[in-house]
There are 2 protein chains.
Amino acid sequence: MSDTAGSPPPVAELLGLLAYAELVAFDQMAADARLAPDLRRRAALSEMAAREIDNYGRLAARLEELGVEPEDAMGPYVAPLGAYHEQTEPKDWLEALAKAYVGDGVADDFYREVAAHLDPPDRELVLDVLHDSRHADFAAAELRAAIAVDPKVANRLSMWARRLVGEALSQAQRVAAERIALASLIVSGAGDLDELQALFKRLTQAHTARMGAVGLNN
Amino acid sequence: MSDTAGSPPPVAELLGLLAYAELVAFDQMAADARLAPDLRRRAALSEMAAREIDNYGRLAARLEELGVEPEDAMGPYVAPLGAYHEQTEPKDWLEALAKAYVGDGVADDFYREVAAHLDPPDRELVLDVLHDSRHADFAAAELRAAIAVDPKVANRLSMWARRLVGEALSQAQRVAAERIALASLIVSGAGDLDELQALFKRLTQAHTARMGAVGLNN
C-alpha cells in the first residue's frame, strides 16, 4: 500500500488544469491578436490576453500554498490542451473570435459547475479567474457585426463551432479517462448520475443559447 | 501656410513609437514563451509579456489625453518595427532571450536619453514604462548559464547580436528620415551635434558593457 499522506488534494487537479488553460489562453489570444484587422482591435485583444496571465499567477500561487509545484499540476494537461488547439487553429480573425466565444463559453460554464461544489477559498478563486464577460462581449459584438454585413459568414462559423465542440469533447473524454482524481471530483460534486446528466444538459442548453445569441446555429 | 493649431505635440511621436513598441514587445514575448524549454520558464516570460500591455495602456491613455488617437500615433511605426522583427525572428529560446536582452537594452537606453529632455508628466511616464530590469535579469541569467554549459554558444549568439544591432540601426535611420518631428525632438533634446555624438557614444558603451556582462563579444 502506498503512503498517500503526501499526495496532492484532488482540487489541485482542477487548479492545475485551469492554470494551464490560462497559460494556453494567453498564448492563443496573443497569437489571435495578430489576426486583428486594425490596431485598436489588436490592442483590445492583447489587453484581454494579459488578464489571463494575472489569473495564471493567482492559480499558481494557490497551488504552491497547497504544496504542489504548478509545473507538476499542469503537466498532465499539456498534451490534451495542445491537441485541442492544434486541431482548431483559427484561419482568420472571425474564426479566432468564434473559438474564444464558443470554446471558452462552454469551458467556463463547465468550470463554474465544478467550482460550485468546491470548498472555500478554492470555490471563490475558480469563479474569480473564469473569463470575465468582456472577452465574450467583444467577440459576440464582432461576430454579430460580421454576420450582419455578410449573412453567409454564419454558415461557415456554425460549422466551425461544431468542429470546436467535437474536438473539445474528445479531449475532455481523454482527460476524464486519464485523470481519475479530476473525474471523481466532478462526479462526487454532482452527487449521482442523474445530476451528472442534468449538468451536461445545462451545458448543452447554455451552448445553444450562446450560439443563437450571435446568429449561429447548432 | 497651414494651420498647425490642431497638430499633435512632438512628444506624441515618441509616445506613439513607444506604445507600438510595447504592443510588438508583448506579441514577441508571447511568441517567445512558446520556445521555452519548460512550463516554469514559459510562465515567467508570459508574465513579463503581460506587463508590456499594462504599459501600452498607460501610453495610449496619455495619447488620448493629448487629443491624439493611439492608432494614428502608432501608425507610422508599424512598418519599420515590423521589418525589424521580421528580419530578426529568433530560431530558438536563446536567440529569443539574446534579442530581448540586447535589443531592448539598446532601445531602452535610447528612450531613457530622449525622456531626460521631456517635460513632466511625459518624462516620468516614459521612464516608468521602460522595461523593468526583471526581463533583462532573467535573460542575462539564462544566457550566462547556457554559455557556461557550452562556451561555443557565445560565438553564435555574438554574431546574432551583431545582426540585431545592424538591423535595428537601419530601421532607426529609416524612422529618423521619415519622422521629422521625432528626429527634431531628439536633436533639440541633445542641444547640439557634439552632444548628439556623445549620446551615441554612451549608447555604444552601454551596449558593449551589456554584451560583456553575459559573455558575448562585439
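Residues numbered from 1 in each chain as written. Chains lettered and ligands numbered in written order. Predicted model: local features only at pLDDT ≥ 70, side-chain atom pairs only at ≥ 80, totals over all residues. Heavy atoms only, no water.

Section: the interface of chain B and chain A
For step 1, the next point in the chain: Between chain B and chain A, the residue contacts involve 26 residues of the former and 26 residues of the latter.
For step 2, the next point in the chain: With both chains or domains summed, chain B and chain A bury close to 2200 Å², and 59% of this area falls on carbon and sulfur atoms.
For step 3, the next point in the chain: With its nearest N and O atoms 3.0 Å apart, the salt bridge here joins Arg34 of chain A to Asp27 of chain B.
For step 4, the next point in the chain: Where chain B packs against chain A, one counts six residue pairs in polar contact (both at pLDDT 80 or more).
For step 5, the next point in the chain: For the side of chain B that touches chain A, the elements supplying multiple residues, two or more each, are α1 (11-33), α2 (39-65) and α3 (70-74) of chain B.
For step 6, the next point in the chain: Looking at the side of chain B that touches chain A, the element that brings in the most residues is α2 of chain B, giving 13 residues.
For step 7, the next point in the chain: Classifying every residue of the side of chain B that touches chain A by side-chain character gives 14 nonpolar, three polar and nine charged. (Contact = heavy atoms within 4.5 Å. Buried area = accessible area lost by both parts, 1.4 Å probe. Salt bridge = Lys/Arg side-chain N within 4 Å of Asp/Glu carboxyl O. Polar contact = N/O pair within 3.5 Å; in protein donor to acceptor, adjacent residues only side chain to side chain. Helix = DSSP H or I, 4+ residues; strand = E, 2+ residues; numbered from the N terminus. Nonpolar A, V, L, I, M, F, W, Y, C, P; charged D, E, K, R; others polar.)

Side note on empty space enclosed by the protein
For step 1, the next point in the chain: Within this structure, the stated rule accounts for two cavities of 30 Å³ or more.
For step 2, the next point in the chain: Of the volumes computed, that of the largest cavity is approximately 40 Å³.
For step 3, the next point in the chain: As for the largest cavity, its lining consists of Glu113, Val114, His117, Leu185, Ile186, Gly189, Ala190 and Leu199 of chain A.
For step 4, the next point in the chain: Those elements that provide at least two residues to the lining of the largest cavity are α5 (93-115) and α9 (180-190) of chain A.
For step 5, the next point in the chain: It is α9 of chain A that contributes the most residues to the lining of the largest cavity, four residues altogether.
For step 6, the next point in the chain: Size it by volume and the second largest cavity reaches roughly 30 Å³.
For step 7, the next point in the chain: Together, Met29, Asp32, Leu45, Ala96, Leu97, Ala100 and His135 of chain B line the second largest cavity.
For step 8, the next point in the chain: Elements with a minimum of two residues in the lining of the second largest cavity: α1 and α5 (93-115) of chain B.
For step 9, the next point in the chain: Among the elements that make up the lining of the second largest cavity, the one with the highest residue count is α5 of chain B (three residues). (1 Å grid on protein atoms, 1.4 Å probe; cavity = no way out; pocket = protein on both sides within 12 Å on 5 of 7 lines; lining within 4 Å. Points joined across faces, edges and corners; volume = space filled by probe spheres on them.)

A closer look at the side chain of Glu22 of chain A
For step 1, the next point in the chain: By the secondary structure assignment, Glu22 of chain A is in helix α1 (residues 11-33).
For step 2, the next point in the chain: Notably, Glu22 of chain A is buried but unbridged: the nearest opposite-charge side chain belongs to Arg58 of chain A, and the N-O separation is 8.9 Å. (Buried < 20%, exposed > 50% of the residue type's maximum accessible area, 1.4 Å probe, protein only. Lys, Arg positive; Asp, Glu negative; His and termini not counted.)

Quick look at the nonpolar core
For step 1, the next point in the chain: Counting 139 residues, the largest nonpolar core has Leu14 of chain A together with Leu14 of chain B as the members making the most contacts within it.
For step 2, the next point in the chain: Counting residues per element, this core draws most heavily on α1 of chain B, which supplies 15 residues.
For step 3, the next point in the chain: Not counting residues up to four positions away in its chain, the partners in contact with Leu14 of chain A are Tyr111, Val114, Leu118, Val126, Leu182 and Leu185 of chain A. (Core = buried A, V, L, I, M, F, W, Y, C linked by side-chain atoms within 4.5 Å.)

Here we look at the relation of the copies chain B and chain A
For step 1, the next point in the chain: Aligned on chain A, chain B shows an RMSD of 0.0 Å; the corresponding rotation is 180 degrees and the shift along the axis is 0.0 Å. One copy is carried onto the other by what is essentially a two-fold rotation axis. Measuring from the rotation axis to each C-alpha of chain B, the shortest distance belongs to Ala50 of chain B, at 2.3 Å.
For step 2, the next point in the chain: In this assembly, 100% of the residues forming the interface of chain B have copies in chain A that are likewise at the interface, indicating an isologous arrangement. (Least-squares fit on C-alpha atoms with pLDDT ≥ 70 in both.)

Notes on the packing of α5 of chain B against helix α10 (residues 193-213) of chain B
All names here are of chain B.
For step 1, the next point in the chain: Interhelical geometry of α5 versus α10 gives an angle of 150 degrees and a closest axis separation of 10 Å. Relative to α10, the element α5 lies roughly antiparallel. For the pair α5 and α10, the crossing hand works out as right-handed. Contacts between α5 and α10 involve Tyr101, Val102, Gly105, Val106, Asp109, Phe110 and Glu113 from the former and Leu199, Arg202, Leu203, Ala206, His207, Arg210, Met211 and Ala213 from the latter.
For step 2, the next point in the chain: Residues belonging to the contact of α5 with α10 are distributed by class as follows: nine nonpolar, two polar and four charged. (Axes fitted to C-alpha atoms, helices over the stretch in contact; angles between N-to-C directions. Parallel < 35°, antiparallel > 145°, perpendicular 65-115°, else oblique. Left-handed = near helix turned anticlockwise from the far one by under 90°.)

Remember, this is a structural readout, not a statement about activity or role.
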